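Read off the chains here:
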Amino acid sequence: RGLGRLADNAVVQSNVARMQGRLNAGRALMVETLMDVWATADDTGVIEVPERARVRLACAHAIHEAIAVVDFTHKAAGTDSIFLGSPFERRFRDMHTLSQQTQSRDAHFEAVGRILCGIEPEGAFF
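Treat the numbers as computed from the prediction; the structure is a model and nothing was measured. (Residues numbered from 1 in each chain as written. Predicted model: local features only at pLDDT ≥ 70, side-chain atom pairs only at ≥ 80, totals over all residues. Heavy atoms only, no water.)

J.: Help me understand helix α4 (residues 107–116), please; the structure alone is not making it clear to me.
T.: Each α-helix turn comprises 3.6 residues. Residues three or four places apart therefore point the same way. Among the residues of α4, those classed as buried are His108, Ala111, Val112 and Ile115. Here the buried residues of α4 occupy an arc of 95° about the axis, which is enough to place them on one side. Here the buried face of α4 lies against α2 (49–76). Where α4 terminates, the next one or two residues include Gly118, which has phi positive at roughly 80°. (Buried < 20%, exposed > 50% of the residue type's maximum accessible area, 1.4 Å probe, protein only. Helix = DSSP H or I, 4+ residues; strand = E, 2+ residues; numbered from the N terminus. Arc of directions from axis to C-beta. Contact = heavy atoms within 4.5 Å.)

J.: Help me out: how do you make sense of the packing of α2 against helix α3 (residues 87–98) in this one?
T.: Angle between the axes and distance between the axes: these two values describe a pair of packed helices. Packing of α2 against α3 leaves a shortest axis separation of 10 Å and a crossing angle of 155°. On the basis of their axis angle, the class for α2 and α3 is roughly antiparallel. With respect to the hand of their crossing, α2 and α3 are arranged in left-handed fashion. On the side of α2, the interface is formed by Ile63, Ala66, Ile67, Val70, Asp71, Thr73 and His74, while α3 contributes Phe88, Arg91, Phe92, Met95 and His96. Here the contact of α2 with α3 is composed, by residue class, of seven nonpolar, three polar and two charged. (Axes fitted to C-alpha atoms, helices over the stretch in contact; angles between N-to-C directions. Parallel < 35°, antiparallel > 145°, perpendicular 65-115°, else oblique. Left-handed = near helix turned anticlockwise from the far one by under 90°. Nonpolar A, V, L, I, M, F, W, Y, C, P; charged D, E, K, R; others polar.)

So this is what it looks like as structure tokens:
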């Protein structure tokens with residue numbers, strides 16, 4: 001349609017860089033948190049509620065950042081992303097399947113927020 005390649009569009013280039021930053025930050029938080037908690041658990045054999053909350057926050061945050069990146073990519077690709085068999089369509093579907101798993105529930109942010117505010121979590125907090 002005469003629109004040119006997406007990769008040549010300055011807005012797309014800027015957003016690709018922002019999305020890469022979001023993915024990197026989410027991954028970095030998750031890796032750092034897991035390394036810290038692993039080191040603590042290795043010394044004591046116990047993972048206390050604050051550390052479990054850190055892991056839950058890091059994992060849920062990484063998943064939500066990945067969802068945002070996939071959503072951006074899906075929209076930026078336009079109609080190429082809606083056809084079955086398209087790599088965009090497949091990755092969009094895969095990410096949104098993952099987004100339905102327990103670890104990405106929005107309620108995790110509430111539970112972690114309670115803990116960060118010094119309030120006991122409701123029910124069992126694993």
